[in-house]
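This is what each chain is made of:
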Amino acid sequence: QVEPVESGGGSVQPGGSLRLSCEFSRPILKFDSMDWYRQAPGKERELVARISSGGSSQYADFVKGRFTISGDNAKNTLYLQMNSLQLEDTAIYYCHARRQVSIEAAVDHWGRGTQVTVSS
């Protein structure tokens with residue numbers, strides 16, 4: 001019932017690393033997919049990475065080789081390890097989970113976001 005909570009954001013220099021966490025109040029195995037999105041000022045929200053209930057992962061081209069999405073079922077937590085951060089990665093990062101409850105209906109859970117700032 002309670003929205004997931006992100007943490008781990010902050011300010012880093014180009015080339016630095018951060019690990020974002022998203023803690024859920026329910027077993028994450030119930031979700032069909034979990035994702036990380038980001039939104040930069042004045043831009044629309046974009047998908048960064050996704051992990052399915054089967055464990056497979058997908059990444060946006062602009063983060064491949066740099067970011068890793070993973071989940072810890074015991075801790076009900078979703079992670080995003082971000083390495084080699086660039087100025088263009090500056091954004092608010094949101095975690096998201098979706099559970100399909102019918103053919104055309106799904107329940108979405110959004111975190112409030114955590115700020116990532118990359119600057120020199």
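1. Examining the nonpolar core
Inference 1: Within the largest apolar cluster, 27 residues are counted, with the highest numbers of intra-cluster contacts made by W36, L78, L80, M82 and Y93.
Inference 2: Looking at this core, the elements that each hand over two or more residues are β3 (18-23), β4 (33-39), β5 (46-52), β7 (67-72), β8 (77-82), β9 (91-100) and β11 (114-118).
Inference 3: At four residues, the largest contribution of residues to this core is made by β9.

2. Observations concerning the side chain of D35
Inference 1: Take D35: it is sitting in strand β4.
Inference 2: Polar side-chain contacts of D35 include one of 2.3 Å to the side chain of R50.
Inference 3: Those residues within four positions of D35 in sequence are excluded, and the remaining contacts are L47, A49, R50, I69, L78, Y94, C95 and H96.

3. Structural notes on the pattern of salt bridges
Inference 1: Enumeration over the complete set of coordinates arrives at seven salt bridges.
Inference 2: Between D61 and K64 there is a salt bridge whose closest N-O contact spans 3.2 Å.
Inference 3: Accessibility expressed as a relative area gives 64% for D61, which makes it exposed.
Inference 4: Note on K64: relative accessible area 51%, which makes it exposed.
Inference 5: Linked through salt bridges whose partners overlap, the residues forming this network are R38, E46, R66 and D89.

4. What to know about the state of the cysteines
Inference 1: Considering all chains together, one arrives at one disulfide under this definition.
Inference 2: Across the disulfide from C22 sits C95; the S-S distance is 2.0 Å. In this structure the cystine formed by C22 and C95 twists about its S-S bond by roughly 45 degrees; its chirality is therefore right-handed. Note that C22 is positioned in strand β3 and C95 in strand β9, a separation of 73 residues in sequence. Here C22 and C95 have matching classes, each one buried.

5. A look at the environment of C22
Inference 1: In this structure C22 comes out as buried when scored by relative accessible area, which is 0%.
Inference 2: Between the alpha carbons of C22 and G111 there is a distance of 7.7 Å; along the sequence they are 89 residues apart.

6. Brief notes about the sheet that holds β7
Inference 1: Strand order in the open sheet made by the four strands is β1-β3-β8-β7, with antiparallel pairing throughout. The open sheet has two free edges, formed respectively by β1 (5-7) and β7, since each of these has just one partner strand. Taking each pair of neighbouring strands and ignoring which way they run, the sheet shows an average axis angle of 15 degrees.
Inference 2: Sheet topology places β1 next to β3; three bridges connect them, and they run antiparallel. By the bridge assignment, V5 is partnered in β3 with E23.

7. As for unusual backbone geometry
Inference 1: Positive phi, close to 55 degrees, is recorded for N76, a residue that is not glycine.
Inference 2: Take N76: it is sitting in the loop between β7 and β8.
Inference 3: Residue S84 is not a glycine yet carries a positive backbone phi of 50 degrees.
Inference 4: Structurally, the position occupied by S84 is in the loop between β8 and β9.

Rules used in this analysis
- Residues numbered from 1 in each chain as written.
- Predicted model: local features only at pLDDT ≥ 70, side-chain atom pairs only at ≥ 80, totals over all residues.
- Heavy atoms only, no water.
- Core = buried A, V, L, I, M, F, W, Y, C linked by side-chain atoms within 4.5 Å.
- Buried < 20%, exposed > 50% of the residue type's maximum accessible area, 1.4 Å probe, protein only.
- Helix = DSSP H or I, 4+ residues; strand = E, 2+ residues; numbered from the N terminus.
- Polar contact = N/O pair within 3.5 Å; in protein donor to acceptor, adjacent residues only side chain to side chain.
- Contact = heavy atoms within 4.5 Å.
- Salt bridge = Lys/Arg side-chain N within 4 Å of Asp/Glu carboxyl O.
- Disulfide = S-S within 2.5 Å.
- Pairing = 2+ DSSP bridges.
- Axes fitted to C-alpha atoms, helices over the stretch in contact; angles between N-to-C directions.

None of this, on its own, says anything about what the molecule does.
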